[in-house]
Amino acid sequence: MTHAGTARAVQAERGTLDKAADENFPVAPFFLPRAWRDDLMAVYGFARLVDDIGDGDLAPGGADARLLGVPPEAAEDRLLMLDAVEADLRRVFDATPRHPLLRRLRPTVRRAGLTPEPFLGLIAANRQDQQVKRYETYGDLLAYCELSANPVGRLVLSVTGTSTPERVRRSDAVCTALQIIEHLQDVAEDLGRDRVYLPAEDMRRFHVREADLATPTAGASVRALVAYEAERALHLLNEGTPLVGSVHGRLKLLLAGFVAGGRAAVRAIAAAEYDVLPGPPKPGKLLLLREVGVTLRGEG
C-alpha cells in the first residue's frame, strides 16, 4: 500500500471509531480493563462500518470501498458493499482482511474465540434494511432485532468471558428493547430514509397513517402509539435486567449503564409527552446517573 493509501486507511478507521463518542451508550468506558476496551472497540468498529454502509453514511471519497476491494464508483451500491464486507469478515477467520477495521478485529476473535455468526447477523440486518422498509407485526420487528441488536450483546458477553444460555436470553431482551427505544427516538429520521419500524398492525390499531409521522409534531394518535411501544420496550428491558445482577465488578457497571440508558431514554420520551417527531428526546446525564444507581440497587 502506498503512503497515500496508508493515510486513507488510517483516516477511514479513525473516522469510524470516532463515532463512538456520539452513541447513546458508552462503547468502551474507561473503567473497563484495557483488553476489554480494545476488544469492544474492535467489535464497535465492525458494527459501525456495517451500519454506515447500510445507511449510506460512509465518508465521501470511496476510501472504504477501495479498502474492501470495491471500485470507488460502486461505493453507493450498498448490497455490493455489504457483500464485500462479508467477504472481508471471512478473511478475519482464515486469512488477512483488507480493511483496517477488520484487521483490528482479528486479535479479538482469537482472544475470545468468537465465531462468525453474530457478525454475519449484523450484516444480514443491514441487507434487510435495503429490502424491507416496513414491518407488518411486532413479531416481524422482533425477528429483525434478533439480527440487528442481539448479536451485539452476545459479543459483549463473549468478549468478557461471561456467556451462558441464561445470560444470552436476558441480554437478547435488553438489546431488543434498546433497539426498539432507538427506533422510537428516530421515527422522523427513519421516515426520511423511507423506513418505518412501527409495526403496521399497531399503526392501524391506533389509527396512525404514515402521513401522520411526517408532521412537525405528533398528534394524539401518534403519541398513544409511541407510548404503547415504549411500554412494550420497557417490559422487555425489565425482563432482561436480572442480567446485571448475574455478573460482578466492572462488567456489572457496564451492563447497568446499558439498561439505565434504555430506561432514561424511555423517561425522556415520556417527558416529551411521547412527541418524538421534532427530534429524538434524549435524557440528560443526571437522569442517566440516577437510573444507573437504581439499576445497580436492583430497584428498577
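This text follows the structure it describes.
Residues numbered from 1 in each chain as written. Predicted model: local features only at pLDDT ≥ 70, side-chain atom pairs only at ≥ 80, totals over all residues. Heavy atoms only, no water.

Enquirer: Sorry if this is basic, but what is going on with the overall build of the protein here?
Expert: Check the secondary structure of the protein and you find 15 helices and zero strands. In terms of overall size, the protein behaves like a compact globule, its C-alpha atoms giving a radius of gyration of 19 Å where 300 residues would be expected to give roughly 19 Å. For the protein, the spread of C-alpha atoms along the three principal axes comes to 60 × 45 × 30 Å. Residue burial in the protein is summarised as follows: out of 300 residues, 50% are buried. Within the protein, counting contacts between residues at least 6 apart in sequence, those at least 24 apart form 68% of the total. Taken as a whole, the protein presents about 13,800 Å² of accessible surface, with 55% of it coming from carbon and sulfur. Distance from the positive charge centre (38 side chains) to the negative charge centre (41 side chains) of the protein: 6 Å. (Helix = DSSP H or I, 4+ residues; strand = E, 2+ residues; numbered from the N terminus. Rg over C-alpha atoms; globule rule 2.2 N^0.38 Å. Buried < 20%, exposed > 50% of the residue type's maximum accessible area, 1.4 Å probe, protein only. Contact = heavy atoms within 4.5 Å. Areas by Shrake-Rupley, 256 points an atom, 1.4 Å probe, with all protein chains shown as cover. Lys, Arg positive; Asp, Glu negative; His and termini not counted. Charge placed at Lys NZ, Arg CZ, Asp CG, Glu CD.)

Enquirer: Sorry if this is basic, but what is going on with the nonpolar core here?
Expert: When a protein is soluble and globular, its nonpolar side chains tend to lie buried together. Counting 77 residues, the largest nonpolar core has Phe46, Leu105 and Leu213 as its most contacted members. Among the elements that make up this core, the one with the highest residue count is helix H14 (residues 249–271) (nine residues). (Core = buried A, V, L, I, M, F, W, Y, C linked by side-chain atoms within 4.5 Å.)

Enquirer: Got a minute to help me understand helix H7 (residues 138–148) in this structure?
Expert: One turn of an α-helix holds 3.6 residues; hence residues three or four places apart share an orientation. Every buried residue of H7 is listed here: Tyr138, Leu141, Tyr144, Cys145 and Ser148. Projected down its long axis, H7 shows its buried positions confined to an angular sector of 115°, all on one face. (Arc of directions from axis to C-beta.)

Enquirer: Can you help me understand the pattern of salt bridges in this one?
Expert: Think of it this way: side chains of opposite charge can pair up when their charged atoms draw near. Enumeration over the complete set of coordinates arrives at 26 salt bridges. Taking the shortest distance from any N to any O, the salt bridge between Asp202 and Arg232 comes out at 2.9 Å. Here Arg232 lies in helix H12 (residues 220–240) and Asp202 lies in helix H11 (residues 200–205), a separation of 30 residues in the sequence. Its salt-bridge partner being Glu229, residue Arg232 comes within 3.4 Å of it at the nearest N-O pair. Placement of the pair is Arg232 and Glu229 together in helix H12, with a separation of three residues, close to one helical turn. By relative accessible area, Glu229 is classed as buried at 3%. (Salt bridge = Lys/Arg side-chain N within 4 Å of Asp/Glu carboxyl O.)

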